Amino acid sequence: MIEFLQQLINGLAQGSIYALIALGYTMVFGVLRFINFAHGDVYMLGAFAGYYLAEKLPHLFGGEPGYTKTAAVLITAMTICAIIGIVIEKLCYRPLRSRPKLTVLITAIGVSLFLENAGQFVFGADPKSFPEIIIDRAIEIPESWGAVSGLTITLSQVIVVGVTIFLLFALRYIVLKTRMGMAMRALSFNPVAASLMGVNNDVVVSFTFGLGSALAGAAGILCSIQQPSIDPLMGVNAGLKAFVAAVLGGIGNIPGAALGGVLIGLIEALVAGYISPNYRDAIVFGVLILILIVKPTGLLGASEREKV
Amino acid sequence: MNPRPQLILLGVLIAGLVASHFLGGGAEPHIPALNSYYYDILIGIGINVILAAGLNLVNGYTGQFSLGHAGFMAVGAYASSWLSLTFGYALGSGNVATTTAFLIALLIGGGVAALVGLTVGIPSLRLRGDYLAIVTLGFNEIIKGVIQNCEPLGAQRGLGGMVQHTTVFWVVAFAALTVYTVVSLVDSTYGRGFLAVRDDEIAAEAMGINTTKYKVLAFVIGAFFAGIAGGLYAHFKQFVHPEGFNFLRSVDIVVMVILGGMGSTLGVCFAAVLLTILPELLRYVSKVEALPDWLQHIAENRMILYSLLLIVLMLTRPQGLFGGLTFGKKERRV
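Rules used throughout
Residues numbered from 1 in each chain as written. Chains lettered and ligands numbered in written order. Predicted model: local features only at pLDDT ≥ 70, side-chain atom pairs only at ≥ 80, totals over all residues. Heavy atoms only, no water. pLDDT = per-residue confidence, 0-100. Helix = DSSP H or I, 4+ residues; strand = E, 2+ residues; numbered from the N terminus. Axes fitted to C-alpha atoms, helices over the stretch in contact; angles between N-to-C directions. Parallel < 35°, antiparallel > 145°, perpendicular 65-115°, else oblique. Contact = heavy atoms within 4.5 Å. Nonpolar A, V, L, I, M, F, W, Y, C, P; charged D, E, K, R; others polar. Buried area = accessible area lost by both parts, 1.4 Å probe. Salt bridge = Lys/Arg side-chain N within 4 Å of Asp/Glu carboxyl O. Polar contact = N/O pair within 3.5 Å; in protein donor to acceptor, adjacent residues only side chain to side chain. Buried < 20%, exposed > 50% of the residue type's maximum accessible area, 1.4 Å probe, protein only. Core = buried A, V, L, I, M, F, W, Y, C linked by side-chain atoms within 4.5 Å.

A. A look at the confidence of the model for chain A. Of the residues in chain A, 96% have a pLDDT of 70 or more, and the chain-wide mean is 88. When mean pLDDT is taken per element in chain A, helix H8 (residues 201–226) of chain A scores highest with 94 and strand E2 (residues 138–139) of chain A scores lowest with 80.

B. The packing of helix H7 (residues 189–199) of chain B against helix H9 (residues 211–237) of chain B, seen in detail. Residue and element names in this part refer to chain B. Between H7 and H9, the least distance of the axes is 9 Å, while the angle of their chain directions is 105 degrees. Here H7 is positioned roughly perpendicular relative to H9, judged by the angle of their axes. Contacts between H7 and H9 involve Tyr 190, Gly 193, Phe 194 and Val 197 on the former and, on the latter, Thr 211, Tyr 214, Lys 215, Leu 217 and Ala 218. Classifying every residue of the contact of H7 with H9 by side-chain character gives six nonpolar, two polar and one charged.

C. Seen up close, the environment of Ala 53 of chain B. Residue and element names in this part refer to chain B. Among the structural elements, Ala 53 can be located in helix H2 (residues 36–61). For Ala 53 and Ser 66, which are 13 residues apart along the polypeptide, the C-alpha to C-alpha distance reads 13 Å. Once residues lying within four places of it in the same chain are set aside, the contact partners of Ala 53 are Thr 178, Val 179, Val 182 and Val 268.

D. Molecular detail of the interface of chain B and chain A. In this complex, chain B contributes 37 residues to the contact, which on the side of chain A involves 37 residues. The contact between chain B and chain A buries some 3300 Å² in all, and 80% of this surface belongs to carbon and sulfur atoms. When the buried surface of chain B facing chain A is broken down by residue, Asp 130, Tyr 131 and Ile 134 of chain B rank first, second and third, together holding 20% of it. Between chain B and chain A we count zero salt bridges in total. Counting the contacts that link chain B with chain A gives two residue pairs in polar contact (both at pLDDT 80 or more). Residue assignment for the side of chain B that touches chain A shows that the elements contributing at least two residues are helix H5 (129–148), helix H10 (247–260), helix H12 (293–300) and helix H13 (302–316) of chain B. It is H5 of chain B that contributes the most residues to the side of chain B that touches chain A, 11 residues altogether. In terms of residue class, the side of chain B that touches chain A is built from 27 nonpolar, six polar and four charged.

E. Spatial organisation of the pattern of salt bridges. Residue and element names in this part refer to chain B. Taken as a whole and judged by the stated rule, the model has 12 salt bridges over all chains. When the shortest N-O distance is used, the salt bridge between Glu 201 and Lys 215 registers 3.1 Å. Residue Glu 201 is located in helix H8 (residues 201–206), and its partner Lys 215 is located in helix H9; the two are separated by 14 residues in the primary sequence. Taking the relative accessible area as the measure of exposure, Glu 201 reaches 15% and is therefore buried.

F. Structural context of the nonpolar core. Residues Tyr 93 of chain A together with Phe 65 and Leu 67 of chain B are the most contacted members of the largest nonpolar core, which totals 189 residues. When residues no more than four places from it in sequence are discounted, the contact partners of Leu 67 of chain B are Phe 37 and Ile 109 of chain A together with Ala 133, Thr 136, Leu 137, Asn 140, Phe 247, Ser 250, Val 251 and Val 254 of chain B.

G. Layout of the side chain of Ser 156 of chain A. Residues and elements named next belong to chain A. Relative to the helices and strands, Ser 156 resides in helix H5 (residues 155–177). A distance of 3.0 Å separates the side chain of Ser 156 from the side chain of Asp 136, its partner in a polar contact. In this structure Ser 156 touches Asp 136, Ile 225 and Gln 226, once residues within four positions along its chain are discounted.

Below, the structure is given as structure tokens:
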């Protein structure tokens, strides 16, 4: 029982990271109807941004590890990723917006491969150890709580889950309560009608890319706090799993992406814990194939009729 | 079609036979100038032509986007190697017997790959574009994962010890056969079906075309030829390893198809030749001392150039470098 709970906690922490990345996939799909293959690599860039900020600019980001330093690194890395996301969209995807989808898809694969290989070229292919921006420790659970006290919960896990929940609520606020969020929803409903109503589609798409990339950057930092080893190819696997999460929840659906991320994290932890870590990746892809066969719209997605 | 493709096929086969006679096989070619390095590249070109022409049927003519071609190559390579290693001597020894055994292993390897293609294709080809790309990529990883955990296939260690049967003749023959099949197929009723699915799936369906059937057919044929290419590769290198059939190998083949121009068989063949030679040229460039350091490093990492090539090509010339080239009469382009 304790072991099962422990796996759930580990899965929840990992799943939060997938959820943050999956949100970027789902939001971009919502406004542009295409899958931004390069999104996983923006997550990798977030981790490396954090690495260079904390390692090379210690005087700017408060020398001692702690909450202030973590927050400063997190916010700066998110900003950097947002800018990268906007630039990628502007340079590579915007000129192709009226072209066939396949062209955009190939470009996205090209951008992804470029970021991975340029990353290996610039950062070096060997894994780097992420600097300690907060001192990780196990959180004591009082004996009086009974059996639950046998669990190991680390501070980093609490931070990961806490920051994720905060970001999810912030995102919910932006999408539902602000004018920009309203424009995003209008665009995903019908781009032509939205532009007729005075929505500047280009600005909204840029904003969406920025928002999604910032969340991916946050995921990169949070993941590095938990597992302080980063390399230029870390975005490939995480990106694919986050994509599976977005599809599982129903691509284009924001709460669905969060739910899917957590579910994928839990499935992965349980498979690794009870079956074999070797089958972790295969099972996640198996879930994707199953979902696409049984319910291609995902758990929360609504079906969309294609009009001719 | 003028000139007739059958005659071209025959001509290429004869040329292959002649070339094979002069070049010989294995590590000791008959012409001293052609050392084993160039021989290696020559075989690599043939194998890549088979892979790219097969994938072009799926990605180019049928308009689907498969990103897992290396997975089918792996299936063919492992299936034929396993057959060769297990039953290789069952037909006895001697030139004719071993060659027959090799061909049977190769064809069964292709058949198994086609069968896997069928099982992968039926569920995933109900999906479109982006999804299909990810699902085929996922299947590539799953196939690799299964091989890595399969003890009789050598698991993580790889599988080796096959006799080197692949010669220039067999590679040229199968490359010619692949191109011939693809060209004839596209020119037939089936080809009209493929093109209709690519141009407008809904309209094709409204015209009574069973789109799933055509998509699966293209996929299975592509997988079959990938399996053959895998078998040829395995019987040339005499060693196969799961990591040799990873996602990046699939990307290599996709880049050939896109660079050559999706839906142009001749262009894709050119691109396959070009992209097999390019890494070797880059290796040469990276050793030129006169160039600045960073240029040498970039030349070493060909994937940076490939990815940039993809992006720039899509932005400026989405029909590919050789998009307009055709065999004989005009083929239809994207």
